[in-house]
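# Remarks on the overall topology
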Amino acid sequence: MTHNLLILEGDGIGPEIVAEAMKVVDCLQSDYGFQAEIEHGLIGGAGVDGAGDPLPEATLDQAKQADAILLGAVGGVKWDSLERPMRPEQGLLRIRAGLDLFANLRPAILYPELVDASTLKPDVVSGLDIMIVRELTGGIYFGQPRGIRELENGEKEGFNTLVYRESEVDRITRVAVDVAKKRSSTLCSVDKANVLEVSELWRNKVTEICDEVGGINLSHMYVDNAAMQLIREPKQFDVIVTGNMFGDILSDAAAMLTGSIGMLPSASLNSDNKGMYEPIHGSAPDIAGKGIANPLATILSVAMMLRYSLNEGELADKIETSVRQVLADGARTADLGGSMTTSEMGNAVITVLKSN
Ligand code: NAD
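All of these numbers come straight from a predicted model, not from anything done at the bench.

## Points about the overall build of the protein chain
Counting its secondary structure elements, the protein chain contains 12 helices and 12 strands. By the compact-globule yardstick of 21 Å for 356 residues, the protein chain fits well, its C-alpha radius of gyration being 20 Å. Overall, the C-alpha framework of the protein chain stretches about 60 × 50 × 40 Å when taken along its three principal axes. Among the 356 residues that make up the protein chain, the fraction classed as buried is 52%. Residue pairs at least 24 apart in sequence account for 74% of intrachain contacts in the protein chain once pairs closer than 6 positions are excluded. Of the roughly 15300 Å² of accessible surface on the protein chain, 49% is carried by carbon and sulfur atoms. Charge separation in the protein chain, taken as the distance between the mean sites of 31 positive and 51 negative side-chain charges, equals 2 Å.

## Notes on the site of the ligand
Around the ligand, the surrounding shell holds 20 residues, and the nearest of these are V74, E89, G282, A284 and D286. One of the side-chain nitrogen or oxygen atoms of D286 is found 2.8 Å away from an oxygen atom of the ligand. For the ligand, whose accessible area on its own is 810 Å², the fraction buried by protein is 68%. Its residues placed into classes, the shell around the ligand shows 9 nonpolar, 7 polar and 4 charged.

## A word on the pairing of strand β9 (residues 217-222)
Looking at chain direction, strand β8 (residues 186-191) and β9 are connected through 6 bridges and run parallel. From the neighbouring strand, T186 faces β9, where its bridge partner is N217. For the handedness criterion, the β-α-β arrangement of β8, helix α7 (residues 197-213) and β9 is classed as right-handed.

## Details of the domain arrangement of the protein chain
Considered domain by domain, the protein chain is made up of domain 1 (1-109 + 261-356) and domain 2 (129-257). Computed from C-alpha coordinates alone, the two centres of domain 1 and domain 2 are separated by 25 Å. Contact residues are listed per partner, giving 17 residues for domain 1 and 18 residues for domain 2. Carbon and sulfur atoms supply 63% of the area that domain 1 and domain 2 bury against each other, a total of about 1700 Å² over both sides. Where domain 1 packs against domain 2, one counts 2 salt bridges.

## Observations regarding the nonpolar core
Grouped burial of nonpolar side chains is what soluble globular proteins tend to show. One finds L105 and V133 to be the most contacted residues of the largest nonpolar core, which totals 67 residues. Structurally, this core is a two-domain feature, drawing no fewer than three residues from each of domain 1 (1-109 + 261-356) and domain 2 (129-257). For L105, the contacting residues outside a window of four places in its chain are M131, I132, V133, V175, V179, P265, S266, A267, L269, M304 and Y308. Counting 20 residues, the second-largest nonpolar core is a separate cluster that includes L120, V223, L230 and F237.

Criteria and thresholds
Residues numbered from 1 in each chain as written. Predicted model: local features only at pLDDT ≥ 70, side-chain atom pairs only at ≥ 80, totals over all residues. Heavy atoms only, no water. Helix = DSSP H or I, 4+ residues; strand = E, 2+ residues; numbered from the N terminus. Rg over C-alpha atoms; globule rule 2.2 N^0.38 Å. Buried < 20%, exposed > 50% of the residue type's maximum accessible area, 1.4 Å probe, protein only. Contact = heavy atoms within 4.5 Å. Areas by Shrake-Rupley, 256 points an atom, 1.4 Å probe, with all protein chains shown as cover. Lys, Arg positive; Asp, Glu negative; His and termini not counted. Charge placed at Lys NZ, Arg CZ, Asp CG, Glu CD. Near = heavy atom within 4 Å. Polar contact = N/O pair within 3.5 Å; in protein donor to acceptor, adjacent residues only side chain to side chain. Nonpolar A, V, L, I, M, F, W, Y, C, P; charged D, E, K, R; others polar. Pairing = 2+ DSSP bridges. Right-handed = clockwise from strand over helix to strand, strands pointing away. Domains from an automatic or database assignment. Buried area = accessible area lost by both parts, 1.4 Å probe. Salt bridge = Lys/Arg side-chain N within 4 Å of Asp/Glu carboxyl O. Core = buried A, V, L, I, M, F, W, Y, C linked by side-chain atoms within 4.5 Å.

Set out below in structure tokens:
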């Protein structure tokens, strides 16, 4: 079966890290019978420069045709002063909305070899393996009305709307339940139900779905407590489900527990399991062009793509095993305390992948 892939390199370190991930895709094609038709498209600052839009229509069309999308990262100082609709990050929000990618899966795994890279004590984080399921196309990032208005006294007021419908909570909960069932069937839903009505509705709906499905050990936690518990005793969590903004913040905190932001992939899925796969980090303008970015989060994003959208779990396993092997062999880019370049790290993964 031939898979249609769309590759969006984006900005900053995006093209550098995606080049290494594509070496992995090439290797799967040459050595493991993986078949793919590959297209490239523009997004973010590259979209603004190349087509006058952070999400050119052509890119959205390509994305709709593709089985899965691999994205590097978007953003950079060059575009920071543009009007909000023209900023690179808008391209990202729009492609998520355009493809209805409502479920964001962000694993935070601490590889045993990197236990010393975490800022937390080894006994607190060793063995850490959390999956955060974040709602991605609703909540306060998309809610209307929004804006900045001037009051009668001339003072300005900024406002956004935090809104969730039952159907939105229903579908993200079902994704989280599926993920939990493949792990320990333990699910923690994070909200702010002590203060927010929208969280009260969230909590009730999550409980209803879990009761309906059965077999899930469900707990609820307020977001402020969850932030504290993630730092205090992160291993108490297995799967977390939460809304867009809470998930944005908690998943970055969880990422840092693992030592480097350069290690963590993510998947954003719609109800047909079409997905966009990307490292959780940004375009890292401070190191762009230096050839020192860690490509492993992007390579691991390819593994997630194979598992969740392309039904090629065995190939995903091969990639993940290869990444573990190179880390065990001592391969380290600068963010992990080493001196390997981006392409040396990519090549190290390929060498192991070819021998697996
Ligand atoms: P960032 O994730 O780009 O960088 C934070 C820090 O982590 C930097 O010091 C960077 O050098 C380092 N880092 C990130 N990825 C790395 C890698 N693979 N290897 C080694 N080090 C790495 O976050 P930021 O600095 O807050 O944002 C920079 C730009 O990225 C902004 O324009 C922001 O809007 C954008 N951004 C994009 C995405 C995305 O495309 N999904 C996500 C977050 C931020």
